[in-house]
Amino acid sequence: MSNQLKIGKERLSKTLGILKNALDRRVTLPILQHIYLKSDGKELILKATDMDLSFEATIPIEGQGDWSITIPGRKFIDTIQSFPTAELTLEITDSANRLWVRAKDMNSEQNIQPSEGYPELPSHNGKLAQIKLPIQKLKEAIGLASIAVSRDTTKPTMAAVLLHIQKTNIRLVSTDGFRLAIAEIPCETKINEEVKLVVPRRALDLFPLLLTSEGEVTIAWDATTLFIDQPGLKFSARLVNGNFPAYEKVIPQELPKKVLMDRDLFGKRLRFVGLKKDDYNKNVRLVFEYPNLKIIFQHPDEGTNQSTLPFSGEEQSFELAFNIDYLTEILDRLTGEDVVYQFKDEIGQGVFTSPSIEGFTFRYILMPVRFANPTPA
């Protein structure tokens, strides 16, 4: 007797590609390098976890048999992705601890183990506070808001993203101490008190990989875990323990002046002048003399690169300087034709954003660099 089912290869391969993110080779428990599979003849449930990040996916199937197993994850994923056909057959025989993956002219035998030792994944009973958001809007907000995450792993709360849930909006915030990124999504959360959740960047970076960009995603949380559900896929992430910096205190309140540049052209000009940058010299000068912006990068040993482009807005001349990487990184992530810089003066923090963003607001806050020597002619 055998238990056999048919499953779409594309959906299975994409799902396994997501679950692969929880298969960490450094785990001490060998079972965590396995994927859990359970079939009831109508759907296949797949699970993977490294105890910090957990996934549970459901895929419709056709077949028979009620069984559950675990299988070495990475080899199974590589095998499935190697099949060229649109439909696969998975078969477990009662007489052997093997799973067969079959397609026309191709068969692969996989070692399997009983599922009894697989750990329980974090779950909630539906009684936690929940918020629903459009998946695509949340993906876009995360992509922008995570730009300022710190690379310093000794500061775990800054190497993460703050999910700040308030009564009328949700903010996603990151900072590395030099810049601050805030995406704010309007949303009636129906919570009585604001909530601050520090979420590992690793978890939020997975959003572009999710099964679909359509529909809504449900967010729930408890004291230790963030739960994110969408049709066909649930995942959870252990929250970072600690207090996120008090970012609200550094948000500039009055920004009466602004300039507008062509985003693509601005990025190209910056990359040109930045050809002279190195690990120790990264500051670029922006000299605004209406209606032209002069971009100057001066290296103490290699000389100077300059370029110009038109801008609109503030007509009084002024000069700014920034770490060039902070500018090119945000220009690469923003969409639309234009980028806007709003500011009060040349020495205080200013805000970069894009007028093309819809459905939420975004602010990228930078403090200008001050040069000791005057701008070269």
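Nothing here was measured: the structure is a model prediction, and the numbers come from that model. (Residues numbered from 1 in each chain as written. Predicted model: local features only at pLDDT ≥ 70, side-chain atom pairs only at ≥ 80, totals over all residues. Heavy atoms only, no water.)

Undergrad: Quick question: what am I supposed to make of the packing of helix 1 (residues 9-19) against helix 2 (residues 73-82) here?
TA: When two helices pack together, their arrangement is given by the angle between their axes and by how far apart the axes lie. Running from amino to carboxyl end, helix 1 crosses helix 2 at an angle of 150°, the nearest separation of the two axes being 9 Å. The handedness of the crossing between helix 1 and helix 2 comes out as left-handed. In this structure, helix 1 uses K9, L12, S13, L16 and G17 to contact helix 2, whose residues at the interface are F76, I77, I80 and Q81. Its residues placed into classes, the contact of helix 1 with helix 2 shows five nonpolar, three polar and one charged. (Axes fitted to C-alpha atoms, helices over the stretch in contact; angles between N-to-C directions. Helix = DSSP H or I, 4+ residues; strand = E, 2+ residues; numbered from the N terminus. Left-handed = near helix turned anticlockwise from the far one by under 90°. Contact = heavy atoms within 4.5 Å. Nonpolar A, V, L, I, M, F, W, Y, C, P; charged D, E, K, R; others polar.)

Undergrad: Help me understand the pattern of salt bridges, please; the structure alone is not making it clear to me.
TA: Oppositely charged side chains can pair when the atoms bearing their charge come close. Summed over the entire model, instances satisfying the criterion amount to 16 salt bridges. Of the charged contacts in the structure, one is a salt bridge between E184 and R171, with a shortest N-O distance of 2.7 Å. Residue E184 is located in strand 14 (residues 179-186), and its partner R171 is located in strand 13 (residues 169-175); the two are separated by 13 residues in the primary sequence. With respect to class, E184 is no different from R171; both count as buried. Its salt-bridge partner being K196, residue E248 comes within 3.1 Å of it at the nearest N-O pair. Within this pair, whereas E248 is found in the loop between strand 18 (233-238) and strand 19 (257-262), its partner K196 is found in strand 15 (residues 195-200), the two being separated by 52 residues in sequence. According to the relative accessible area criterion, E248 is partly exposed, its value standing at 30%. (Salt bridge = Lys/Arg side-chain N within 4 Å of Asp/Glu carboxyl O. Buried < 20%, exposed > 50% of the residue type's maximum accessible area, 1.4 Å probe, protein only.)

Any link to function would need more than the numbers given here.
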